[in-house]
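Chains, contacts and geometry: an overview
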Amino acid sequence: GAGVSQSPRYKVAKRGQDVALRCDPISGHVSLFWYQQALGQGPEFLTYFQNEAQLDKSGLPSDRFFAERPEGSVSTLKIQRTQQEDSAVYLCASSLSEWVADTQYFGPGTRLTVL
Amino acid sequence: KNQVEQSPQSLIILEGKNCTLQCNYTVSPFSNLRWYKQDTGRGPVSLTIMTFSENTKSNGRYTATLDADTKQSSLHITASQLSDSASYICVVSARTSGTYKYIFGTGTRLKVLA
């Protein structure tokens, strides 16, 4: 069955380049989350969308990070002027409703390496 | 500060044995607690979710417990299998300012040997 998909799976960027990471949530899922997972660490919350509304962006580490979900389905996480500390796996998750206890379904992640 | 701590950091057991993973949290106001299994190179997969009023919840060979008074949770794996080798992540959610935040632990890496 169709789960959460992310693309690209791997991205190598030179320091200073802009990157865009895509998340396709499960169709019909209201909530969408982005997480950053450094090597050997648990995911860290970045931002949360309910449909097209970005309700929480408190986890975005700097103003170089920007996320959007303009039509309430596909979401894009953009990182401008990438730095080496941005190297991580970026996970996207979606859940069916806005209910906090809904199961979050995760995508496989995009591994970003900044050289 | 909202924190989720897990122990042990890593664990090696023999196939067929049981094990228990611990999760302590200082998250408030508490909303719910989840356990995820994350295989290497994959996204986390939900095992259980418990709200404040739930003490225990099972999912096959996985049983999670929650003590909201001591702010502790455990994940017990019975009759371990090689496929249980993965990272197990505890996640606690808190409601703040009308939205929910999810605080992830750093996980316990479990290796099951034949």
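Our subject is the structure that appears above.
These notes cover the structure that comes with them.

What counts, and where the lines are drawn
Residues numbered from 1 in each chain as written. Chains lettered and ligands numbered in written order. Predicted model: local features only at pLDDT ≥ 70, side-chain atom pairs only at ≥ 80, totals over all residues. Heavy atoms only, no water. Helix = DSSP H or I, 4+ residues; strand = E, 2+ residues; numbered from the N terminus. Buried < 20%, exposed > 50% of the residue type's maximum accessible area, 1.4 Å probe, protein only. Contact = heavy atoms within 4.5 Å. Rg over C-alpha atoms; globule rule 2.2 N^0.38 Å. Areas by Shrake-Rupley, 256 points an atom, 1.4 Å probe, with all protein chains shown as cover. Lys, Arg positive; Asp, Glu negative; His and termini not counted. Charge placed at Lys NZ, Arg CZ, Asp CG, Glu CD. Disulfide = S-S within 2.5 Å. Phe/Tyr/Trp six-rings, centres within 6.5 Å; stacked < 30°, edge-to-face > 60°. Pairing = 2+ DSSP bridges. Axes fitted to C-alpha atoms, helices over the stretch in contact; angles between N-to-C directions. Buried area = accessible area lost by both parts, 1.4 Å probe. Polar contact = N/O pair within 3.5 Å; in protein donor to acceptor, adjacent residues only side chain to side chain.

Of the regular secondary structure elements, chain B holds 0 helices and 11 strands. Going from N to C terminus, chain B has its helices and strands arranged as β-β-β-β-β-β-β-β-β-β-β. Considering only C-alpha atoms, chain B reaches an extent of 50 × 30 × 20 Å along its principal axes. Relative to its 114 residues, chain B shows a buried fraction of 46%. Contacts in chain B between residues far apart in sequence, at least 24 positions, make up 56% of those at least 6 positions apart.

For the rest of this paragraph, the subject is the overall build of chain A. When its secondary structure is counted, chain A shows 0 helices and 11 strands. For chain A, the N- to C-terminal ordering of α and β elements is β-β-β-β-β-β-β-β-β-β-β. Relative to its length of 115 residues, chain A is compact, with a C-alpha radius of gyration of 13 Å against a globular reference of 13 Å. Counting over 115 residues, chain A shows a buried share of 48%. Counting only carbon and sulfur atoms, one obtains 47% of the accessible surface of chain A, whose full area is about 5,600 Å². Positive and negative charge centroids in chain A, built from 11 and 12 side chains respectively, lie 10 Å apart.

Here we come to the state of the cysteines. All names here are of chain B. One pass over the full model with this rule turns up 2 disulfides over all chains. Paired through a disulfide, Cys23 and Cys90 show a sulfur-sulfur distance of 2.0 Å. Taking the sign of the torsion about the S-S bond as the criterion, the disulfide between Cys23 and Cys90, at about -65 degrees, is left-handed. Here Cys23 is found in strand 3 (residues 19-25), whereas its partner Cys90 is found in strand 9 (residues 86-96), with 67 residues between them in sequence. Among the residues examined, Cys23 registers a relative accessible area of 0% and is labelled buried. The class for Cys90 is buried, based on a relative accessible area of 0%. Counting only cysteine sulfurs, Cys90 is the nearest neighbor of Cys19, a cysteine outside any disulfide, at a range of 15 Å. On the basis of relative accessible area, Cys19 is assigned to the buried category, the value being 6%.

Turning our attention to the packing of aromatic side chains. Residue and element names in this part refer to chain B. For the structure shown, the criterion picks out 13 aromatic pairs over all chains. Ring centres of Tyr36 and Phe104 lie 6.4 Å apart, and the angle between their planes is 20 degrees; on these two criteria the pair is classed as stacked. With Tyr36 in strand 4 (residues 30-38) and Phe104 in strand 10 (residues 99-104), this pair connects stretches of sequence that are 68 residues apart. Accessibility expressed as a relative area gives 10% for Phe104, which makes it buried.

Bringing the sheet that holds strand 6 (residues 56-59) of chain B into the picture now. All names here are of chain B. Read from one edge of the open sheet, 5 strands run 1-3-8-7-6, paired in antiparallel fashion. Every interior strand has two partners, whereas the edge strands, strand 1 (4-7) and strand 6, have only one. In this sheet, adjacent strand axes meet at a mean angle of 15 degrees when their direction is disregarded. Here strand 6 runs beside strand 7 (residues 62-67); their pairing, made up of 4 bridges, is antiparallel. Bridge pairing in strand 7 links Asn59 to Tyr62.

Time to look at the interface of chain A and chain B. Taken together, the contacts link 21 residues of chain A with 21 residues of chain B. Of the roughly 1,700 Å² buried between chain A and chain B on both sides combined, carbon and sulfur atoms contribute 54%. In this structure, the connection of chain A to chain B is made through 1 residue pair in polar contact (both at pLDDT 80 or more). Of all the elements in the fold, those that place two or more residues in the side of chain A that touches chain B are strand 4 (31-37) and strand 6 (53-56) of chain A.

In this section: unusual backbone geometry. Excluding glycine, residues mostly have negative phi values, and the peptide bonds linking residues are mostly trans. The omega torsion of the bond from Ser7 of chain B to Pro8 of chain B falls at -10 degrees, within 30 degrees of zero and hence cis. With respect to the helices and strands, Pro8 of chain B occurs in the loop between strand 1 and strand 2 (10-14). Cis geometry marks the peptide bond from Ser28 of chain B to Pro29 of chain B, where omega comes out at -10 degrees. Within the fold, Pro29 of chain B resides in the loop between strand 3 and strand 4. One non-glycine residue, Asn51 of chain A, adopts positive backbone phi at about 55 degrees.

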